[in-house]
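# Structural overview for review
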Amino acid sequence: MKKWLIVFAALLPLSSMANMLNNTNEPFKPGYNPSQQRMQTQMQIQQQQEKLKLQQDQQQQKQDLQRKMQEHRDSAQQRIIKTQPGQQKTN
């Protein structure tokens, strides 16, 4: 019986801490903290903005790479055409 009482006494503060961490956007519930809600919302917005920026950067890099590859293909194709028999070499 004493062991259960000790375990219960040890776990009691943890349950109240878990309740404090479970803040929702409900002002009439215990543990509601509007400043924490604002901070969480701001962090979520910031994460979304950073994700969007990364996606835009990746898209730009992809377009740059495709453009460079096309330039290399065009350049190689021009070299091949110039080396074909019957083609005039222009300098």
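Residues numbered from 1 in each chain as written. Predicted model: local features only at pLDDT ≥ 70, side-chain atom pairs only at ≥ 80, totals over all residues. Heavy atoms only, no water.

## Some details on the overall build of the protein chain
The number of helices and strands found in the protein chain is two helices and zero strands. Among the 91 residues that make up the protein chain, the fraction classed as buried is 2%. Accessible area for the protein chain stands at about 9,100 Å²; split by element, carbon and sulfur atoms hold 58% of it. (Helix = DSSP H or I, 4+ residues; strand = E, 2+ residues; numbered from the N terminus. Buried < 20%, exposed > 50% of the residue type's maximum accessible area, 1.4 Å probe, protein only. Areas by Shrake-Rupley, 256 points an atom, 1.4 Å probe, with all protein chains shown as cover.)

## Focus: the pattern of salt bridges
Tallying each qualifying case throughout the model produces three salt bridges. One salt bridge connects Lys-53 with Asp-57, and the closest N-O pair in it is separated by 2.9 Å. In this pair, Lys-53 and Asp-57 both sit in helix H2 (residues 34-83), four residues apart, roughly one turn of the helix. The class of Lys-53 is partly exposed, set by a relative accessible area of 46%. In this structure, Glu-71 engages Arg-67 in a salt bridge whose closest nitrogen and oxygen atoms are separated by 3.2 Å. Placement of both Glu-71 and Arg-67 in helix H2 is noted, with a separation of four residues, approximately one turn of the helix. By sharing partners, the salt bridges in this structure join Asp-64, Arg-67 and Glu-71 into a single network. (Salt bridge = Lys/Arg side-chain N within 4 Å of Asp/Glu carboxyl O.)

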